[in-house]
Amino acid sequence: MVRRATGGPSDVSLSHTWQTLAEHLDEVRPRHLRDLFQLDPERGQRFSEEAAGWYLDYSKNRITRRTLELLLRLACTSRLPAKIDAMFNGDPVNSSEGRAALHVALRMPADASVRVDGRDVVPDVQRVLRRMENFAGKVRSGTWFGGTGKKIRNIVNLGIGGSAIGVGMACAALQHYGRRDMQFRFVSNMDGADFFLATRDLDPRETLFIVCSKTFHTPETLRNAAAARAWCLEDIQDEGALRAHFVAVTGNRDAAIAAGFAPEHVFDVWDWVNGRYSLCSAMGLALLTAIGPAAFREMLAGFHDMDTHFLSAPMKQNLPVLLGLMGVWNNNFLGARSVAILPYAHDLRRFPSYVQQLMMESNGKSVTQDGAPVGSITSPVYWGACGTNGQHSFHQLLHQGTQIVPCDFIGFLSPLPSSAGGHEELLANMYAQAQALAFGRPLDEGGGPGDAQARGKHRQVQGNRPSNTLLAAKLTPRSLGALVALYEHSVFTQGVIWDIDSFDQWGVELGKTLAAHIAQALGAGQAHAQGLDSSTRALVQKYLDAKAAGAMCASERT
C-alpha cells in the first residue's frame, strides 16, 4: 500500500525537492523489488556501503538511482552538512533550550578540543572518565568496601529513561565481556515490584546503588533511591555506613550532596548531554564497572569511528545519512508508520527498546525549530524483538499484513563463544526473512479451481516490503559503540530534514506536572481537587473508595 506524500517543508527550495520526490513516487509505485533486482544485477552492491566496522545493505528498499539522487538533494537543501558541522562545533542545536547537543565530545580522544560557551569541554570529560575508571577499579578489585567492611558484589542502577535504557541495553549486549562474579541490576519503574524483584536475592551489605538523575528531581529515581536507603537500613542499621553504598550521577551536584551523598561519590554530567545520548557519560558508570575500563574505552572508540565517518564522509557514502534518508522515504512517501528493529543476536535483545526511545523521544515532535506546525509526518513508531523469536510472533503481519512495516535486520558474521551453536542457521534465517519480505511468493496462477485456488491465495506473499540489513564482524564493545552512534546520527539526519529539535522532550514534562497534582489529590483524599476534569475525578474517587474499603477490612480483622 503506497500513499501519496502530503505536506512538506515551507522552505521554497526544500519544498520543491519534496514535491519532486512526491511526483517521482508515481514512477516507483508500480515497480516491484523483484523487477528492480532483475533489471540491475549489481543492485545489491550498488546500494550498499561500509564504514566503522558496519556494512549497510539498503538495496531492498523501494528506491531507484533517481530516488537516491533526490533524497540526497533533499539532505543538501536541508543544509544537513552545515548542521552536522554545527553540532560537532558545540553550537546550540538544541534550539528550544538554547543548548549544545555535544554527546560526540564524550567519545573524543583526549587530545581533541571542542568549546561550549568558550570552554574546552574535552578536559572535563576526560577528568570524569578517569574518576569513573578509578571507581570501577576499586569495585572490580574488591577494595571498595560497604559500610560493614564487606566487598561489593552487586551493583544496582537506579534511573529511568536515558539514565537507564541505554546502559541496561549495553550491559546486556556486552555481557560476554563482563564480570561473572558480580550482579548488575537495573531499577527504573516507580512500581515497587521493580525494586523488590531486583533486590530480593541480594545482600545489602554487598550492594552498591548508582543513583542516576541529571536533574536530581526525577520522581521515579528519587523514590527508588529512598526505597534503597530503607532496604539497606533494615540490615546495616547505621546511617553513617550508608554512604559507602551509594554514589550519584547527576548534573545537579549540590542537590545530590544535600541529599546525603559524599561529594567524592558524585559524578558529573553536563547540560549539553541529553539523557538518551548519555551512555558514554557517567550515566554509563555501571557498564564501565561491568566490562572494565579497557573495554569501555574500546566502545568509546567505536562511537568515535562512526562520529568521524558521519562528520567527514560524502553524503552518498554516509551510513547514518543513508539510513536516515531511507527512513524519510519509507515514512513520508511510502506511508510506512512504524519500523521494526530486528537484531539476530540474543545479546542485543534490549536494542529495539533503546532505539524506540532514541527515535521516538527525539523526533516525536509536531512543531519546527521556529515553532511553526510541521508540514509533514515526523517519527514513525519503532518496535521489535530479537530473531528468531519474532518470526513466530509478529512476522506474519510483516509478510502478509495490510501495513507496510520497514525492517532493520542486524546481525554478525562471527558468533561469540557463548552463541556459537547454530550461528549459521541464525544468519540464514535473518537473510531469508529479508529476502522473503522483498521478493515474496507470487500467486500460482495455475492453482486450480474453487478451494484449491483460494488456498493458493492464502499462501501468496506479495513481497515488495522494504528492509535494511546491517552486518558487523562480531559483537564487540567497538562494534556496539559504532552501531549506537549510527542510529544516533540517523535520528539527527531525519530531524534536520523535518526541521525539528531532536534534543528536547517537552512532551514528557507535562505528564510529570499533572502526576504531581493528582498525587496530592490522592494523598489528601480530595476527588474534587481544583483542576481535575470529570473523568480524572471519577478515577480518583475509585481509588479513594478502594482505599477506604481496604482500611475497613483491615480494621475488622484487628
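Where an unreviewed UniProt entry is consulted, the protein appears under the name Glucose-6-phosphate isomerase, with the organism given as Achromobacter animicus. Database annotation for the protein, UniProt heading Subcellular location (unreviewed entry): "Cytoplasm". Checking UniProt for the protein, the heading Catalytic activity (unreviewed entry) contains the comment "alpha-D-glucose 6-phosphate = beta-D-fructose 6-phosphate".

### Remarks on the sheet that holds strand 10 (residues 338-343)
Strand order in the open sheet formed by 6 strands is 1-2-13-12-10-11, with mixed pairing between adjacent strands. The strands lining the two open edges of the sheet, one partner per strand, are strand 1 (48-51) and strand 11 (381-384). On average, each strand axis in the sheet is inclined to that of its neighbour by 20°, with strand direction left out of account. Pairing geometry for strand 12 (residues 407-412) and strand 13 (residues 467-472), over 6 bridges, is parallel. Bridge pairing links C407 to S467 in strand 13. Its contacts with the sheet put helix 16 (residues 423-439) on strand 12 and strand 13, and the angle it makes with strand 12 is roughly 160°.

### Some words on the UniProt feature "active site" (unreviewed entry) in the protein
Sites flagged by UniProt as "active site" (unreviewed entry) map to E361, H392 and K512. In three dimensions, the annotated residues from a span of 152 residues occupy distinct locations, with a maximal C-alpha spread of 37.5 Å. Within the secondary structure layout, E361 lies in helix 14 (residues 351-363). Filtering out sequence-adjacent residues up to four positions away, E361 remains in contact with R276, Q356, D504, Q505 and V508. A polar contact of 2.9 Å, which involves the side chain of E361, links it to the side chain of R276.

### Comments concerning the domain arrangement of the protein
Assigned domains of the protein: these are domain 1 (12-78 + 313-440 + 459-505) and domain 2 (103-296). Averaged C-alpha coordinates put domain 1 and domain 2 at centres separated by 33 Å. The partner domain 2 presents 21 residues to the 27 residues of domain 1 that form the contact. Summed over both partners, the interface of domain 1 with domain 2 buries about 2,000 Å², with 60% contributed by carbon and sulfur atoms. Joining domain 1 to domain 2, the criterion identifies 2 salt bridges.

### Description of the confidence of the model for the protein
When pLDDT is averaged across the protein, the result is 93; 96% of the residues are at 70 or more. Within the model, the stretch residues 1-6 combines pLDDT values under 50 with 26 contacts to residues more than four positions away or in other chains.

### Here we look at the packing of aromatic side chains
Evaluated as defined, the whole model comprises 21 aromatic pairs. When the ring of F195 is compared with that of F209, the centres are 6.2 Å apart and the planes differ by 15°; the resulting orientation is stacked. Taken together, the residues span a long stretch of sequence, with F195 in helix 8 (residues 192-199) and F209 in strand 7 (residues 207-212) at a distance of 14 residues. Assessed through its relative accessible area of 0%, F209 is described here as buried. Here a set of aromatic residues connected by ring pairs shows up, and it is made of F195, F209, F216, W231, F246 and F261.

### What to know about the pattern of salt bridges
Inspection of every chain in the model, using the stated rule, returns 25 salt bridges. D307 is the partner of R107 in a salt bridge, and the nearest nitrogen-oxygen pair spans 2.7 Å. With R107 in the loop between helix 5 (80-88) and strand 3 (115-116) and D307 in helix 12 (residues 293-312), this pair connects stretches of sequence that are 200 residues apart. Of the two residues, R107 and D307, both sit in the buried class. Across the pair R185 and D201 runs a salt bridge whose closest N-O atoms are separated by 3.1 Å. Of this pair, R185 sits in strand 6 (residues 183-187) while D201 is found in the loop between helix 8 and strand 7, placing the two residues 16 residues apart along the sequence. Using a relative accessible area of 17% as the deciding quantity, one classes R185 as buried. Among the residues examined, D201 registers a relative accessible area of 54% and is labelled exposed. In the salt-bridge network here, residues are joined through shared partners; they are K150, R153, D203, R205, E206 and D235.

What counts as what
Residues numbered from 1 in each chain as written. Predicted model: local features only at pLDDT ≥ 70, side-chain atom pairs only at ≥ 80, totals over all residues. Heavy atoms only, no water. UniProt positions renumbered as here; feature names shortened; annotations may be inferred. Pairing = 2+ DSSP bridges. Helix = DSSP H or I, 4+ residues; strand = E, 2+ residues; numbered from the N terminus. Axes fitted to C-alpha atoms, helices over the stretch in contact; angles between N-to-C directions. Contact = heavy atoms within 4.5 Å. Polar contact = N/O pair within 3.5 Å; in protein donor to acceptor, adjacent residues only side chain to side chain. Domains from an automatic or database assignment. Buried area = accessible area lost by both parts, 1.4 Å probe. Salt bridge = Lys/Arg side-chain N within 4 Å of Asp/Glu carboxyl O. pLDDT = per-residue confidence, 0-100. Phe/Tyr/Trp six-rings, centres within 6.5 Å; stacked < 30°, edge-to-face > 60°. Buried < 20%, exposed > 50% of the residue type's maximum accessible area, 1.4 Å probe, protein only.

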